[in-house]
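One-letter residues, chain by chain:
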Amino acid sequence: MVERLDEVFHALADPTRRAMVRRLAESEQTVTELAAPYPISLAAASKHVKVLERAGLVRRTVHGRRHVCRLDPAPLAAATHHLRFYEQFWTDRLDALEAFVTTPTEEAP
């Protein structure tokens, strides 16, 4: 589980891969369609897709020469669950800081 989480965060560390995931959330796309908006070769796009596949974020189906990709959101749910802990941690800390900053202090005699 931890290894998969590491792979998910690694895959999402790249802005091109994050954009691909966002586009796949809208619809299935071929590798050619995923590559189209970026100044990258088809081979580079395929390498990005392979990283997403290793993380379990993308499933690829081959139909002849067409490689159709679709998003598998399950690994994103695990990453979200992991990040929720830190969200609560920082929310608690920020609430304590706000209380400290807004509490009137007593004047020294």
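Everything here concerns the structure above.
What counts as what
- Residues numbered from 1 in each chain as written.
- Predicted model: local features only at pLDDT ≥ 70, side-chain atom pairs only at ≥ 80, totals over all residues.
- Heavy atoms only, no water.
- Helix = DSSP H or I, 4+ residues; strand = E, 2+ residues; numbered from the N terminus.
- Rg over C-alpha atoms; globule rule 2.2 N^0.38 Å.
- Buried < 20%, exposed > 50% of the residue type's maximum accessible area, 1.4 Å probe, protein only.
- Contact = heavy atoms within 4.5 Å.
- Areas by Shrake-Rupley, 256 points an atom, 1.4 Å probe, with all protein chains shown as cover.
- Lys, Arg positive; Asp, Glu negative; His and termini not counted.
- Charge placed at Lys NZ, Arg CZ, Asp CG, Glu CD.
- Core = buried A, V, L, I, M, F, W, Y, C linked by side-chain atoms within 4.5 Å.
- Polar contact = N/O pair within 3.5 Å; in protein donor to acceptor, adjacent residues only side chain to side chain.
- Salt bridge = Lys/Arg side-chain N within 4 Å of Asp/Glu carboxyl O.
- Pairing = 2+ DSSP bridges.
- Axes fitted to C-alpha atoms, helices over the stretch in contact; angles between N-to-C directions.

**Student:** In this structure, what is going on with the overall build of the protein? I would like to understand it.
**Tutor:** Helix and strand content of the protein: five helices and three strands. Shown N-terminal to C-terminal, the secondary structure of the protein runs as helices and strands in the order α-α-β-α-α-β-β-α. Relative to a compact globule of 109 residues, whose C-alpha radius of gyration would be 13 Å, the protein shows 21 Å and is clearly more extended. Of all 109 residues assigned to the protein, the portion counted as buried reaches 29%. Restricting to contacts in the protein with at least 6 residues of sequence separation, those with at least 24 account for 51%. In the form shown here, the protein has an accessible surface area of approximately 8000 Å², with 58% of it arising from carbon and sulfur atoms. Computed over 15 positive and 15 negative side-chain charges, the inter-centroid distance for the protein is 16 Å.

**Student:** Honestly, the nonpolar core in this entry has me stumped. Any pointers?
**Tutor:** Generally speaking, a soluble globular protein has its nonpolar side chains buried in company with each other. The biggest cluster of nonpolar side chains holds 21 residues, and the ones touching the most others in it are L52, L57, V58 and C69. Counting residues per element, the ones that place at least two in this core are α1 (2-12), α2 (15-26), α3 (31-35), α4 (42-54) and β3 (66-71). What V58 contacts, discounting residues up to four positions off in sequence, is L24, V49, L52, E53, C69, R70 and D72.

**Student:** What is the right way to read the side chain of H48 from this model?
**Tutor:** One can find H48 in helix α4. The class of H48 is buried, set by a relative accessible area of 14%. There is a polar contact of 3.1 Å between the side chain of H48 and the side chain of R17. Apart from the residues lying within four places of it in its own chain, the contact partners of H48 are D14, T16, R17, M20 and I40.

**Student:** Looking at this structure, how should I read the pattern of salt bridges?
**Tutor:** Close approach of charged atoms allows side chains of opposite charge to pair. A complete count under the given rule lists four salt bridges for this structure. Notably, a salt bridge pairs E53 with R60, separated by 2.9 Å at the nearest N-O pair. Residue R59 is joined to D72 by a salt bridge in which the shortest nitrogen-to-oxygen separation is 2.9 Å. A residue pair is termed long-range when its members are at least 10 positions apart, and R59 in strand β2 (residues 58-63) and D72 in the loop between β3 and α5 (74-102) qualify at 13 residues.

**Student:** Any chance you could explain the sheet that holds strand β1 (residues 29-30) here in plain terms?
**Tutor:** Note on sheets: strands pair through backbone hydrogen bonds, and any given pair is parallel or antiparallel. With antiparallel pairing, the three strands of this open sheet are ordered in space as β1-β3-β2. Each having just a single partner strand, β1 and β2 make up the two edges of the open sheet. When β2 meets β3, the two strands line up antiparallel, connected through six bridges. Looking at the pairing, R60 lines up with C69 of β3. Contacting β1, β2 and β3, α2 runs over the sheet at an angle of about 85° to β3.

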